[in-house]
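One-letter residues, chain by chain:
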Amino acid sequence: MVRITKLLTLRLRVGSVMLLLALVPMIGLAGFAGKEAVDIIDRRAELNDVEAASEELLVFVALEAAVVDEIYWSGANRIISSFGIPQGFVTAAYGFDLEDELLEAQQEVDQFLAQAGDSQLTQQFNAARRDSADAPLTTSSLSLFEEEVLRPLVDSKTIEVIDMAAGLEGATELVRTTQLLDRSNALRSTLVDLITAYFYVAVFGADADPAAARQLSDLRANYDRGIADVDGLVEPGSNIDDSWDALRSDEATLSLLRVVDTVLLDPAFEPVVQGDELDPSGLGNLAEVFNSADEAATTHEGLLEVVATDLKAEVETQRSAADQRVWFVGSAVLIVSIITIASAVISTRSIVQPLTDLANVAELLRAGDNSASVGVRGPSEVRTVAETLNEAVANLRRAETQALALADGRLDDLAEEEVATGTLGASLATAVERLRVSLGEREEYRRRLAHEASHDGLTGVPNRSASLEHLQGALARAQRAETDVAVLFVDLDNFKQVNDLRGHAAGDRLLREVASRLIRSCRDGDLVGRIGGDEFLVIAEPVADEDEAKALSERLLETVCAPFDDGDGDSTPSASIGAALAGGRLKASDVIHDADLAVYEAKEAGRGRTAFCDDEMRSRLLAEADLESAIRHGLEADEFSLHFQPTFNLATGELDGAEALLRWEREGVGQIRPERFIEFAERTDLISEIDSWVMRRGLQHLASWQDDDMLSSLHLAVNVSGRHLLRGDLSREVRDAIEATGANPKLLTVEVTESALLDDFATAAHHLTNLREMGIQIAIDDFGTGYTSLSHLRRLPVDILKVDRTFTSNLHRSDDLSLVKLVIETGHLLGHEVTVEGVEGVQQEDILRGLGADRLQGYRFGRPMPENDLRGHLGRAAAGTLNSIGRDDHVDDEHDVTDPGEADAANVVDVT
């Protein structure tokens, strides 16, 4: 009795499940149908919104077209009235009444304003109409209203319609039609602007407003692009295709475009208004264009109406599709419900009883009774389950027997037992094997990832992070063992050229070869890592002292720089190595910084060598850093000043120029001699900043001299470093400085050293040409020391050659005298003036005068001096009261230079 009750209970439970299974799809269908109904209602509402917005858009488009008509006819009336031409004359001559046309346009505007129903818009337009009546002919409040109020409103309505259509799922054709509406409206707007711009240029001429002529050209090009845009959206054979073909072939539009092209392309085109006169013939032509413009605008508006009609038809098509979908969904729900109920009745009878039998056997198995079996009946799927369950029960019984035999130690009995039949045994064996393989592969993958995360993929050596981690550990070990660690920074020379000239593959081969050589040359326990593109790091531990570290770096350099065959021929690498000892420090960044400083020193010394960072290097670099900071501070704090050394013109016997020389009065230190900081600045970009400062300050002085009777005609020479000339935009800086100061560029001379020209002749010649085109003179300083060839000299934009003072001091020697003579004659032969530096006595002056020099400079004619002293010096020279000016036999060559060191500083190091 208990068993029967359980079976009934189970049957009822299965039956309930089957009933629920039958009801679930019906409930789902009902929910789906309800959702579809809501979606269709929403879609119809959205389609109605699209239709309403499209109708509103067409009202605004028509309003805009009417406003444009009013602008045209209002402008025509005002032009005719302003020149006193009677309206009757225009009507008789050209066949239309301007006042009637204007009145008709105004009535049409008022009609569409009423349709728009926007009171604020109506108020804005009426205000614009009143203001336009009193505005000049060249301005129109109505035009501003059309461009700034009405057209943005049309554009926003167009975007609104497009966004609505784009939000409808599956409405591809509707979206295309709305896009076509947008492009057609844009084409019409472009035509309106084109007509407006044409009438302005046609009436007043392109010379009256070049911007209007450019706008007309741009609008003409935009109209062609708009034609292409619309043409790409019009489908052949569609409702819009005929209207589009009519517009493309519309004679009024084509005529309008032809007259626009005439205005743009005909240089002999004459405007209607010429000065204060009105050209009647031009007015007639303009009247004809008025008619063409009106017809063309009407044609474009007609295209918009056709597109809008097509849009309404597409909306109606979408609504019909939504109605059909409602009928389809309802029918589908009814049919599926009938089929589901019938299937549930049949399946319940054929499935419930077999499932009940399966449940009984499952209950027995859960209770530990594995002796039962289930009858095989019902659908094929249920029979398969019953057969599988019976097989599983049999396998379970055999597995239980084997487990008991194993627990009792009866291995013989275990061997005699049958193994599990079916796929169970094979599946277990396969699963175990796959698990073992999977675990092995996972471990290998983890190991490979760990290796790749810490090693360079190209060379296989540790990467930057792994190298720094190793160095940090090495520093800790060295501190505990009271030993030292050496860090060697290996930087390949000219590696970029290898990539640029031979390709990145050659560069990769070189990096791999260098890494391999470093590993072979290091000791066991040392680490070789790659920390950048062409930078390697060698960490050697332990090392006894600096000598061992230096020996290691020399050995590495010798190994790295040996030739090798890289597959494309022999290649000889070059590297610079910087070495540093930890010295008890525990921060890896500090040691690497020292090694980096050392490799910089090695490169500065010529590359392909080693350098060791010691206390002396650190002190020197610290001093240079302090000097750099002091120079920057000095430029900002105005610690620098200019002194001026005059030049003597042998032809006029006057001091007619001066060279600007830099002086530095450092706060708290005093005067800093130029050779103390110029040479350092030349190695860095500081020299460019110094050059710029000197140029700006020199031009400020030159500008201030223009109002000084004593200094107004004085030429100023300013030196520019080769680094600045070749790497900066010198001509732009000088132009900006001249514009800022108002200095006369014809009184400025830019001096560059001869050696700067040899570094990059083409670049130097380019910048000097730009300077010379501004009226600035160009001088080559220290000429004779750089071995400039005559072919180069002839191609340079040079005005002055300045002979270096090293030749002047030995004029008593025949070879130096001949050389100076040759330089002077060569300069004159090439059309250059020649200035000789370092003239310190009368004897030198006499010799150089005889050799034909043009100007002289040196202590003979004045030391470098401040501006105030220069003014007095020039005054005394003009009055003839300076003993050191002119031919004074009482001045002795050998005693004129009271401080040779200062002379050297002034004439050798005063490059800036």
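Criteria and cut-off values
- Residues numbered from 1 in each chain as written.
- Predicted model: local features only at pLDDT ≥ 70, side-chain atom pairs only at ≥ 80, totals over all residues.
- Heavy atoms only, no water.
- Helix = DSSP H or I, 4+ residues; strand = E, 2+ residues; numbered from the N terminus.
- Buried < 20%, exposed > 50% of the residue type's maximum accessible area, 1.4 Å probe, protein only.
- Contact = heavy atoms within 4.5 Å.
- Pairing = 2+ DSSP bridges.
- Expected span 1.5 Å × (residues − 1).
- Arc of directions from axis to C-beta.
- Salt bridge = Lys/Arg side-chain N within 4 Å of Asp/Glu carboxyl O.

Participant: Would you mind showing me how to read the overall build of the chain here?
Facilitator: Counting secondary structure elements, the chain contains 32 helices and 18 strands. When the 912 residues of the chain are sorted by exposure, 44% land in the buried category. Relative to all contacts within the chain whose residues are 6 or more apart in sequence, the contacts with residues 24 or more apart total 71%.

Participant: Please clarify how the pairing of strand S14 (residues 748-753) should be interpreted in this entry.
Facilitator: In the case of a regular strand, side chains alternate between the two sheet surfaces. The buried fraction of S14 is high, at six of six residues. Pairing of strand S13 (residues 715-720) with S14, which is carried by five bridges, proceeds in the parallel orientation. The partner of Leu716 across the bridge, within S14, is Leu748.

Participant: Is there a simple way to explain helix H30 (residues 867-879) in this structure?
Facilitator: Under the 1.5 Å per step criterion, the end-to-end length of H30 is 19 Å for 13 residues, consistent within 8% with the ideal 18 Å. Listed in full, the buried residues belonging to H30 are Glu867, Leu870, His873, Leu874 and Ala877. Projection of H30 onto a plane perpendicular to its axis shows the buried side chains occupying an angular sector of 110 degrees, all on one side. Exposed residues pointing more than 90 degrees away from the buried face of H30 are listed as Asn868 and Ala879. Packing partners of the buried residues in H30 comprise strand S10 (640-649), strand S11 (654-666) and helix H21 (686-705). Count one or two residues on from H30 and you reach Gly880, which has phi positive near 75 degrees.

Participant: Whenever I open this one, the pattern of salt bridges confuses me. Can you help?
Facilitator: A side chain with one charge may pair with a side chain of the opposite charge, provided their charged atoms come close. Counting across every chain of the model gives 33 salt bridges. The residue Glu689 makes a salt bridge to Arg632 at a minimum N-O spacing of 2.5 Å. Of the two residues, Glu689 is situated in helix H21 and Arg632 in helix H19 (residues 615-637); the sequence distance between them amounts to 57 residues. Residue Glu689 is classed as partly exposed on the basis of its relative accessible area of 33%. Linked through salt bridges whose partners overlap, the residues forming this network are Glu659, Glu751, Lys802 and Glu837.

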